[in-house]
Amino acid sequence: MSLYSEKVMDHFRNPRNVGVIEDADGVGEVGNAKCGDIMKMYIKVKDGILADVKFETFGCGSAIASSSMATEMIKGKPLSEALTLTNKAVAEALDGLPAYKMHCSVLAEQAVQAAILDYYKRNNIPYDEEKFRCASCSHEHDHGEEE
Ligand code: FES
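A word on the sheet that holds strand E2 (residues 38-46)
With antiparallel pairing, 3 strands are arranged side by side in an open sheet as E1-E2-E3. A strand with exactly one partner marks an edge of an open sheet, and here the two such strands are strand E1 (26-31) and strand E3 (49-58). Each strand of the sheet is rotated relative to its neighbour by a mean of 15°, with strand direction disregarded. Two strands pair when backbone bridges link them, and E2 and E3 are joined in this way by 9 bridges, in the antiparallel orientation. Across the sheet, Lys 44 pairs through a bridge with Asp 52, a residue of E3. Sheet strands in contact with helix H2 (residues 61-74) are E2 and E3, and its direction is about 175° off that of E3.

Regarding the nonpolar core
Met 39, Met 41, Ile 43, Leu 50, Val 112 and Ile 116 are the most contacted members of the largest nonpolar core, which totals 38 residues. Going through the elements one at a time, E2, E3, H2, helix H3 (79-82), helix H4 (87-93) and helix H5 (102-122) are the ones with two or more residues in this core. By residue number, the principal contributor to this core is H5, which donates 12 residues. For Val 112, the residues in contact, after removing those within four places along its chain, are Met 41, Ala 70, Ile 74, Ala 82 and Leu 85.

A closer look at the pattern of salt bridges
A full pass over the atoms with the stated rule returns 6 salt bridges. Put simply, Arg 16 and Asp 10 hold a salt bridge, and the shortest N to O gap is 2.7 Å. Note on Arg 16: relative accessible area 23%, which makes it partly exposed. One salt bridge connects Lys 75 with Asp 52, and the closest N-O pair in it is separated by 3.5 Å. Separated by 23 residues along the polypeptide, Lys 75 in the loop between H2 and H3 and Asp 52 in strand E3 bring together distant segments of the chain. A residue is classified by how much of its surface remains accessible, and Asp 52, at 21% relative accessible area, is partly exposed. When salt bridges that share partners are traced, they join Asp 23, Asp 25 and Lys 44 into one network.

Some remarks on unusual backbone geometry
The residue Asn 17 is not glycine, and still its phi comes out positive at about 65°. Summarising the element assignment, Asn 17 is placed in the loop between helix H1 (6-13) and E1. Of note, Asn 124 is a non-glycine position whose phi angle comes to about 50°, a positive value. By secondary structure assignment, the location of Asn 124 is in the segment after H5. Look at Asn 124 and you get exposed, because its relative accessible area is 70%.

Comments concerning the packing of aromatic side chains
Using the criterion set out here, one finds 4 aromatic pairs in the structure. Ring centres 5.8 Å apart and planes at 85° place the aromatic pair Tyr 120 and Phe 132 in the edge-to-face group. Pair noted here: Tyr 120 is in helix H5 and Phe 132 is in the segment after H5, with a separation of 12 residues, a long-range link. The class of Tyr 120 is buried, set by a relative accessible area of 13%. Take Phe 132: its relative accessible area is 5%, and that puts it in the buried class. Linked through ring pairs, Tyr 119, Tyr 120, Tyr 127 and Phe 132 together constitute an aromatic cluster.

What counts and how
- Residues numbered from 1 in each chain as written.
- Predicted model: local features only at pLDDT ≥ 70, side-chain atom pairs only at ≥ 80, totals over all residues.
- Heavy atoms only, no water.
- Pairing = 2+ DSSP bridges.
- Helix = DSSP H or I, 4+ residues; strand = E, 2+ residues; numbered from the N terminus.
- Axes fitted to C-alpha atoms, helices over the stretch in contact; angles between N-to-C directions.
- Contact = heavy atoms within 4.5 Å.
- Core = buried A, V, L, I, M, F, W, Y, C linked by side-chain atoms within 4.5 Å.
- Buried < 20%, exposed > 50% of the residue type's maximum accessible area, 1.4 Å probe, protein only.
- Salt bridge = Lys/Arg side-chain N within 4 Å of Asp/Glu carboxyl O.
- Phe/Tyr/Trp six-rings, centres within 6.5 Å; stacked < 30°, edge-to-face > 60°.

Structure representation (structure tokens):
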């Protein structure tokens, strides 16, 4: 049996929403200092909705699958809803990740938050810092690594 679910393999081989949004309304770039992987998320916002989302991930297969799945989960959703996306939800949507790969899904959660934070800052929109705790932290253990 493969270590990775069919869904992980699918999103790794055929990642959705790969690319750059040239005139993005917000861009978030995060990285994991330990493995050196980097994820960049671009968002386009219209009337409080994520009209478009794209990503570039220079990283492992799980990080690519996680970013692909995350973009699918937040595209077309209100910003407020996208902000509640957790790495756990991304991993679950992928039918699970091996425990030692859970940190890869954390990058997706952080990248989404970082992009939305960038959008808020660019537009001087007041925001609740509590909601963005993960955007700039690298404490993957805070996100609950699953057994
Ligand atoms: Fe670095 Fe997966 S090993 S994000």
